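A structural walkthrough
If you want the building blocks of each chain, they are given just below.
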Amino acid sequence: MPIYEYACPTCRNRFERMRSMDSFDEPSPCPDCGTPSTRVLSMFAAFTKAPGGEMLPVGVTSGGCGDGHDACGCADVGPFC
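Presented here is an overview of the structure given in this document. One numbering rule holds for all chains: residues counted from 1, following each sequence as written. In keeping with the predicted nature of the model, local features appear solely for residues at pLDDT of at least 70, side-chain atom pairs appear and are counted solely at 80 or more, and the whole-chain, interface and lining totals rest on all residues. Side-chain figures throughout are based on the complete set of non-hydrogen atoms in the structure, without hydrogens or water.

Considering the environment of Pro9
Helix and strand definitions here come from DSSP, where helices need a minimum of 4 consecutive H or I residues and strands a minimum of 2 consecutive E residues; each element is numbered from the N-terminal end. By the secondary structure assignment, Pro9 is in the loop between β1 (3-7) and β2 (14-18). Burial status follows relative accessibility: with a 1.4 Å probe on protein chains alone, a residue under 20% of its type maximum counts as buried, one over 50% as exposed, and anything between as partly exposed. When its relative accessible area of 59% is taken as the criterion, Pro9 is described as exposed. When the C-alpha atoms of Pro9 and Ser37 are compared, they prove to be 6.5 Å apart, with 28 residues separating the residues in sequence. Between two residues, a contact is recorded if the distance between any of their heavy atoms is within 4.5 Å. When neighbours within four sequence positions are excluded, Pro9 is seen to be in contact with Thr35, Pro36 and Ser37.

In structure tokens:
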């Protein structure tokens, strides 16, 4: 069974549930407050090694995070980069 991520609208808790594929979109009770919570789209970052050995987000062939050239493939992901 796959694992799905949910977000509670009341306490803002994010949690995961292992559920069958036919029930993934049904609300799941928050483990902290019990409020029915909706499924959210999980975001995973993917990285690869550049020829020089440094880690780059997938899709970036040069530059990278913080080089001032907007070459970061994860710029829209948020504070994870």
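Having seen the structure, we can now continue with the description.
Regarding the sheet that holds strand β4 (residues 36-40)
Two strands form a pair only when DSSP identifies at least two bridges running between them. Strand order in the open sheet formed by four strands is β2-β1-β4-β3, and the pairing between neighbours is antiparallel. The strands lining the two open edges of the sheet, one partner per strand, are β2 and β3 (28-29). Two strands pair when backbone bridges link them, and β3 and β4 are joined in this way by two bridges, in the antiparallel orientation. Paired with Ser28 across the two strands is Ser37, which belongs to β4.

Concerning the packing of aromatic side chains
In summary, the pairing rule links any two rings of Phe, Tyr or Trp, Trp by its six-membered ring, whose centres are within 6.5 Å, and it sorts them by plane angle into stacked for under 30 degrees, edge-to-face for over 60 and tilted for everything else. Throughout the structure, instances matching the rule amount to two aromatic pairs. Judged by centre distance (5.8 Å) and plane angle (20 degrees), the rings of Tyr6 and Phe15 are stacked. Taking the relative accessible area as the measure of exposure, Phe15 reaches 6% and is therefore buried.

Overview of the pattern of salt bridges
One side-chain nitrogen of Lys or Arg within 4 Å of one carboxyl oxygen of Asp or Glu is enough to make a salt bridge. Inspection of the entire model under this criterion finds two salt bridges. Glu5 serves as the salt-bridge partner of Arg14, at 2.8 Å between the closest nitrogen and oxygen. Residue classification places Glu5 among the buried positions, given a relative accessible area of 16%. Residue Arg39 is joined to Asp25 by a salt bridge in which the shortest nitrogen-to-oxygen separation is 3.5 Å. Of this pair, Arg39 sits in strand β4 while Asp25 sits in the loop between β2 and β3, placing them 14 residues apart in sequence. Using a relative accessible area of 54% as the deciding quantity, one classes Asp25 as exposed.

A few points about the pairing of β4
Strand direction decides the pairing type here: β1 and β4, joined by three bridges, are antiparallel. Pairing of Tyr6 across the sheet is with Arg39, part of β4.

Things to note about the environment of Cys30
Looking at the element boundaries, Cys30 is found in the loop between β3 and β4. Separated by 17 residues in the primary sequence, Cys30 and Asn13 have C-alpha atoms spaced 7.4 Å apart. Beyond its immediate sequence surroundings of up to four residues, Cys30 is in contact with Cys8, Cys11, Asn13, Phe15, Thr35 and Ser37.

Interpretation note: all reported values are geometric properties and have no functional meaning in isolation.
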